[in-house]
Structure formats: structure tokens, C-alpha cells
Amino acid sequence: MVDLRYRIWLIKNLARLFVPPLAAVALALRALDRAKGVHLHPAYQVAIYVVSLPVYWTAWIKFTRWDEERRARKHGAKLPPIIEGKKLGNIDVLKRFGRGVTEDYVGTFIDDLLDEAGVDTARLSFLWSDRLITRDHDVLKYMLSTGFNDFEKGPQSIMRFGSFFGTGIFGSDGERVKYHRTIARPYFARDRISDYECFNRHTEKLLAIIQAHSSSDTPIDVQDVFCRFTMDAADEFLFGNHDSATLDLPLPKPGQTKEGAKGSALEGVFGRFVQAFEQGQTNAMNRLGKGNYGWTIMEFFNDKQVPIVQVMEEYLGPLATAAIKRKKEREARGEETKEHENFLDHL
């Protein structure tokens, strides 16, 4: 399915950036010609049109900043300081952010910026578009707990992740996400012995593999085995698939296998799914590092997430089909199951 949201967003915002100043200049030149009979040389007209763009953009940015500060004062609040780079539009900070997303540990780049600024909460301005970053425990507690309902993902976040997460609980806001949370919460709120047995069985298998490699002094790709553990446990707990057993498959030899987006690249449906999922997350974070205008322009004709989702559907499609088949069989037998064995059947 073609994701039109970010394309529509880009067209609307480019129109907002270019149409008002150019239209204002056109009307002014036309009025000057009619009222005074003054018709400027085409070269002067082009120059006025070009100059009107940065003048309008600067005025818009100044007005937006002033309006944000006015609204903050109205609520008795104070805006966090802005972290300014050395280049126009904070391009240097934006590039640094992009490198941090792909090369550093999660959050390292943000931690470094806040250390340099000597604050725990600040604003980042990428191409004059502000973002808030924080490591303040009280702020995080409010966002994730006591004031959770006041902080939605927001249209731009949904736009970045939409073609990857779809319109489910991770890709929506408002009433839609409340609906998804309402139908999902009962399944995760129950304590069941079968759930413990599921995770315990896969944990014991993982620990046995690690212990065997440790005893034989053989290197092991830890990221790979933890990924397999997650897949096996999630397949059984979420989808009711007991046939995955990726921990039973041959393990890659560190340094001798092809590298994927994150860790060793594996063959087969399982390997393609894992690599696609990791690449999808990387693509989404790269979008964040390029700024909203950057990635929407670069992916206007080619959504990089589309082939990723197609590979993931190759793995998840049969699981969903099997769940629908089980539901129809239960209905045919007239069964009313109050407690399902896995999350997909619960849904």
C-alpha cells in the first residue's frame, strides 16, 4: 500500500513555504504596474522573487519562536534553551545526529549534546524545525506515567514510522490507539503458568547454548542468539507458532558470515524477516536524522520501507492466516474460548 501521508505533508509544507511570499510579490508588482504604470525589468523581478523567500522564511521563524515563548509565558512556563550549531540551519548538528543514530549506542549523541550544553532538557533546531530532547527523570516520569495521556506520538512521528508500523498501536494516536490498547491489555494483564513455561523453556535453551560455547572456548554471536531467543519466544507467545525453533538451527560463526543491518545476515524466511525488521528500524531512525524535509524529499518517489514490509509480510502472513483458520474451526465447532493460548488468537 502506498503511503501518501508524508507525500501530502511535503506538498502542503512546500506550498506553505513558497506560495505566500511569491504570491505577495506577484500581487505587489501587479498593483505597482496598474497604479503607477511601473513595469520592472524581468531581471529585477526575478531578484525580488528570490529575495522574498529568505525574508519570508526568516520572518516566519521569528514569529513562530515569539509565539512559542508567548504561549509558554501564558502558562507560566519557560522554554528550554536551544542548542545551536556552527552552520546554517544547524546542518552540522544534523549530520552529527545522523552519525549518532547509525554508529553510536542508543542515546549517546543526545547525552553528549546535553553534557556540552550543561542542561538536562533542550531544544534541537534542525533546519529551523525544533525538537525537544531530555534526560530529566521527572520529565520522563511525567511523559511515560503520570502525564502519559498528554503526550501522543504526534503526526510527524507517525509519518516517519507509518509505512513500517502501519496503523496499529505503534503507528496511531487518539481514539485508534486507545482502541488497540483496550483490546490488547486484557491478554497481557493475566498471569498464566503457560506463559512462564514458554519463556522458561526458551531461556534454558539459550543458556545451554551460551554455556556450551563458553566451555569449549568458542566465540558466539551474542546478538544473533538473543535475536533467535526473542523470535522463538515471541513466535510462541504472540502467534502460537511452535515450529520456529531458530535456536536449534546452526549458528553463524563470528567473523565468517555476511553482516546485515545489525549483526549476522542469515538465510531463509527467518533470516530475511529479522534483517528486514532491523533494516526497517534503521531506515526509520535515518529519517529522523535527515529531518522531515530531507527524508520526505529523498523518498518522495521511492518509499524505502515498502520492500522491507513486503519481506516481513512473507513471514507474518502465514501466521495470521493460520490464526484466522483456527478461529473459523472454533466457530464451526461452536466453541467459546475465554482464554486463548496466544496473543494472535486473542485478537
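This one's a predicted model, so the numbers in the text were calculated from it and none came from an experiment. (Residues numbered from 1 in each chain as written. Predicted model: local features only at pLDDT ≥ 70, side-chain atom pairs only at ≥ 80, totals over all residues. Heavy atoms only, no water.)

A. Summary view of the overall build of the protein chain. The number of helices and strands found in the protein chain is twelve helices and three strands. On C-alpha atoms alone, the protein chain measures out to a radius of gyration of 26 Å, which is more than a quarter above the 20 Å that the 2.2 N^0.38 rule sets for 347 residues. Each principal axis of the C-alpha atoms in the protein chain carries an extent, and together these give about 85 × 55 × 45 Å. Within the protein chain, buried positions represent 32% of all 347 residues. Considering only contacts within the protein chain whose residues lie at least 6 apart along the sequence, 62% involve residues at least 24 apart. A total accessible area of about 22,500 Å² is found for the protein chain, and carbon and sulfur atoms account for 61% of it. Here the protein chain carries 48 positive and 47 negative side-chain charges, and the mean point of each set is 10 Å from the other. (Helix = DSSP H or I, 4+ residues; strand = E, 2+ residues; numbered from the N terminus. Rg over C-alpha atoms; globule rule 2.2 N^0.38 Å. Buried < 20%, exposed > 50% of the residue type's maximum accessible area, 1.4 Å probe, protein only. Contact = heavy atoms within 4.5 Å. Areas by Shrake-Rupley, 256 points an atom, 1.4 Å probe, with all protein chains shown as cover. Lys, Arg positive; Asp, Glu negative; His and termini not counted. Charge placed at Lys NZ, Arg CZ, Asp CG, Glu CD.)

B. Inspection of the pattern of salt bridges at higher detail. Tallied over the entire structure, the rule returns twelve salt bridges. Residue Arg135 is joined to Asp111 by a salt bridge in which the shortest nitrogen-to-oxygen separation is 2.6 Å. With Arg135 in the loop between strand 3 (129-134) and helix 5 (137-146) and Asp111 in helix 4 (residues 108-117), this residue pair connects regions lying 24 residues apart in the sequence. On the basis of relative accessible area, Asp111 is assigned to the partly exposed category, the value being 34%. Via salt bridges that share partners, Asp111, Asp115, Asp120 and Arg135 belong to a single interconnected network. (Salt bridge = Lys/Arg side-chain N within 4 Å of Asp/Glu carboxyl O.)

C. Main features of the sheet that holds strand 1 (residues 82-83). On the basis of which strands lie adjacent, the open sheet formed by three strands has the order 1-2-3 and mixed pairing. Looking at strand neighbours, the two that pair on one side only are strand 1 and strand 3, the edges of this open sheet. With six bridges connecting them, strand 2 (residues 121-126) and strand 3 associate as antiparallel partners. Bridging from a neighbouring strand, Ser125 pairs with Asp130 of strand 3. (Pairing = 2+ DSSP bridges.)

D. Expanded view of the side chain of Glu299. By the secondary structure assignment, Glu299 is in the loop between helix 10 (268-298) and helix 11 (305-333). In contact with Glu299, not counting residues within four places along its chain, are Tyr6, Arg7, Arg287 and Lys304.

E. Seen up close, empty space enclosed by the protein. Going through the model one piece at a time under the given rule, you end up with two cavities of 30 Å³ or more. Estimated volume of the second largest cavity: approximately 50 Å³. Lining of the second largest cavity is provided by Phe126, Leu127, Ser129, Arg131, Gly291, Asn292 and Tyr293. For the lining of the second largest cavity, the secondary structure elements donating two or more residues are strand 3 and helix 10. Taken together, the residues of the lining of the second largest cavity break down into three nonpolar, three polar and one charged. (1 Å grid on protein atoms, 1.4 Å probe; cavity = no way out; pocket = protein on both sides within 12 Å on 5 of 7 lines; lining within 4 Å. Points joined across faces, edges and corners; volume = space filled by probe spheres on them. Nonpolar A, V, L, I, M, F, W, Y, C, P; charged D, E, K, R; others polar.)

F. Region of interest: the pairing of strand 2. With five of its six residues buried, strand 2 lies for the most part within the structure. Inspection of the sheet shows strand 1 paired to strand 2 by two bridges, in the parallel sense. If you follow Ile83 over to strand 2, its bridge partner there is Leu124. Connecting the antiparallel pair strand 2 and strand 3 is a turn made up of two residues, with Leu127 showing a positive phi of about 50°.

G. Structural detail: the environment of Glu278. Inspection of the secondary structure puts Glu278 in helix 10. On the accessibility criterion, Glu278 (15% relative accessible area) is buried.

H. Highlighting the packing of aromatic side chains. For the structure shown, the criterion picks out 13 aromatic pairs. Pairwise contacts between aromatic rings join Phe161, Phe164, Phe165, Phe273, Phe277 and Tyr315 into one cluster. Positioned above the aromatic ring of Tyr6 is the side chain of Arg287, whose terminal nitrogen or guanidinium carbon lies 5.6 Å from the ring centre. (Phe/Tyr/Trp six-rings, centres within 6.5 Å; stacked < 30°, edge-to-face > 60°. Lys NZ or Arg CZ within 6 Å of the ring centre and 35° of its normal.)

I. Region of the structure containing the side chain of Thr246. Among the secondary structure elements, Thr246 is positioned in the loop between helix 9 (222-239) and helix 10. Classification of Thr246 as buried rests on a relative accessible area of 1%. Not counting residues within four places of it along the chain, the set of residues in contact with Thr246 comprises Arg228, Met231, Asp232 and Phe270.

J. Examining a nonpolar patch on the surface more closely. Where nonpolar side chains cluster on the molecular surface, the patch consists of Leu207, Ile210, Val222 and Phe226 and spans about 330 Å² of accessible area. Mapped onto the nonpolar patch, the elements with two or more residues apiece are helix 8 (193-215) and helix 9. Within the secondary structure, Phe226 sits in helix 9. (Patch = residues over 30% accessible without salt bridge, like charges linked within 9 Å, V, L, I, M, F, W, Y side chains within 5 Å.)

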